[in-house]
Amino acid sequence: MNYTLRQLKIFVAVAQHGGFSQAGQVIGLSQSAVSHSIKELEAEMGVRLLDRTTREVILTEAGQQLASRMERLLEELNTTLLDIRSFGEQRSGTVRVAASQTISAHLMPQCLAASQQSYPEIKIILHDRVQQWVLQSVRNGEVDFGIVIGPLADADFDYQPILDEPFLLLCRNDDPLAREAAPQWQMLNGRTMVLQDYASGSRLLIDAAFRQQGIKVNIVQEIGHPATLFPMVEAGIGISILPALALPLPAGRALTVQRLRPEINRSLMLIKRKNRSLTPAAEAIWQEVRQQAELLTQQRLLKPAF
């Protein structure tokens, strides 16, 4: 059968109000539009629902049965739709987010604080792990969404870039590069370096930057936690490359950060499972993270941190 919900609603209105003109006034249609809709419904169902006279409209037996059942069904349908709408507006529950250690330490605290203020009924659980764990946990549905370093070649995710930040040189204050006004990537050629290992999403990008600039370096240590870079470099083991998000430097360290030329950036991205909708609560936190990243970008444009 090819009848429509609109036709059924019009029929119930006629049954309730006893006429075409009265029903039309209630639902905002002309008398002729109501009459035409009823005729279409009767033709589709193959049964007469109303007996019409010049003075009144009377339900047939079939019409009485349909009206009595449809009133209840339409009421249940309306209640169901209102419940679904209420769910869509819900801003409560638990949201699980995964991010790398640098992102967790330097972006997520303000995101969590802002979310707690805006959405006090949402509980956020943050998992700070290496990037591969973040990707796998999003893919498996163990977390609602993740924040990773892009670009990504993986087609399993929907993603939204939220922040671009440059890679910076980290060296001791007494290093010749610390006195350069505008150090170049080529100046790193042949230098001894301490870098994060390949569990970091940044490492592949740094390797690509070395290749792009045509330089070779001597990597003597590959470490897992980004905070370990600072004491390693201060001890003279080597210089390093770090993202701007890792700033500020620890207080009291004899270290310098320099912007390298040409500027090479990494991108922070929100990711979720491809073609999967977030819960209303998770969507709210997704948008909060995006807004906080935009705010951080604006603050850096107004007052560069390096």
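Residues numbered from 1 in each chain as written. Predicted model: local features only at pLDDT ≥ 70, side-chain atom pairs only at ≥ 80, totals over all residues. Heavy atoms only, no water.

Where an unreviewed UniProt entry is consulted, the protein chain appears under the name LysR family transcriptional regulator, with the organism given as Pantoea osteomyelitidis.

**Q** Report on the overall build of the protein chain, specifying residues and quantitative values.
**A** A count of helical and extended segments in the protein chain gives ten helices and eleven strands. Relative to a compact globule of 306 residues, whose C-alpha radius of gyration would be 19 Å, the protein chain shows 32 Å and is clearly more extended. Once the C-alpha set of the protein chain is aligned to its principal axes, its extents read approximately 100 × 40 × 35 Å. Residue pairs at least 24 apart in sequence account for 75% of intrachain contacts in the protein chain once pairs closer than 6 positions are excluded. Averaging the coordinates of the 31 positive side-chain charges in the protein chain and doing the same for the 31 negative ones gives two points 4 Å apart. (Helix = DSSP H or I, 4+ residues; strand = E, 2+ residues; numbered from the N terminus. Rg over C-alpha atoms; globule rule 2.2 N^0.38 Å. Contact = heavy atoms within 4.5 Å. Lys, Arg positive; Asp, Glu negative; His and termini not counted. Charge placed at Lys NZ, Arg CZ, Asp CG, Glu CD.)

**Q** Lay out the pattern of salt bridges in plain terms, naming residues and giving numbers.
**A** A full pass over the atoms with the stated rule returns 14 salt bridges. One salt bridge in this structure joins Arg-203 and Glu-222, with 2.6 Å as the shortest N-O distance. Pair noted here: Arg-203 is in helix 8 (residues 203-213) and Glu-222 is in strand 8 (residues 218-223), with a separation of 19 residues, a long-range link. Judged by relative accessible area, which is 3%, Arg-203 ranks as buried. Taking relative accessible area as the criterion, Glu-222 reaches 43% and is therefore assigned partly exposed. Of the charged contacts in the structure, one is a salt bridge between Glu-263 and Arg-259, with a shortest N-O distance of 2.4 Å. We classify Arg-259 as partly exposed; its relative accessible area is 25%. (Salt bridge = Lys/Arg side-chain N within 4 Å of Asp/Glu carboxyl O. Buried < 20%, exposed > 50% of the residue type's maximum accessible area, 1.4 Å probe, protein only.)

**Q** Tell me about a nonpolar patch on the surface, and name the residues and values.
**A** Residues Leu-5, Leu-77 and Leu-81 make up a contiguous nonpolar surface patch of about 250 Å² in total accessible area. With respect to the helices and strands, Leu-81 occurs in helix 4 (residues 61-88). (Patch = residues over 30% accessible without salt bridge, like charges linked within 9 Å, V, L, I, M, F, W, Y side chains within 5 Å. Areas by Shrake-Rupley, 256 points an atom, 1.4 Å probe, with all protein chains shown as cover.)

**Q** Describe the environment of Lys-216, listing the residues and the values that go with them.
**A** Within the element layout of this structure, Lys-216 appears in the loop between helix 8 and strand 8. For Lys-216, a relative accessible area of 68% gives the class exposed. Spatially, the C-alpha atoms of Lys-216 and Leu-188 are 7.9 Å apart, while their sequence positions differ by 28 residues. With residues up to four places along the chain from it excluded, the contact list for Lys-216 reads Leu-188, Asn-189 and Gly-190.

**Q** Just give me the short version of helix 2 (residues 20-27), but keep the residues and values in it.
**A** Residues Phe-20, Ala-23 and Gly-24 constitute the buried set of helix 2. One side of helix 2 carries all its buried residues, which in axial view fall inside an arc of 100°. The exposed residues of helix 2 that point more than 90 degrees off its buried face are Gln-25 and Val-26. Residues of helix 2 that are buried in the fold lie against helix 1 (5-17), helix 3 (31-45), strand 1 (50-52) and strand 2 (57-59). Positive phi appears at Gly-28, one or two residues downstream of helix 2, with a value of about 80°. (Arc of directions from axis to C-beta.)

**Q** An account of the pairing of strand 10 (residues 255-259) is needed here, citing residue identities and associated values.
**A** Most of strand 10 sits inside the fold, with four of its five residues counted as buried. Where strand 6 (residues 157-172) meets strand 10, five bridges bridge the pair, whose relative direction is antiparallel. Across the sheet, the residue bridging to Arg-172 is Leu-255, located in strand 10. (Pairing = 2+ DSSP bridges.)

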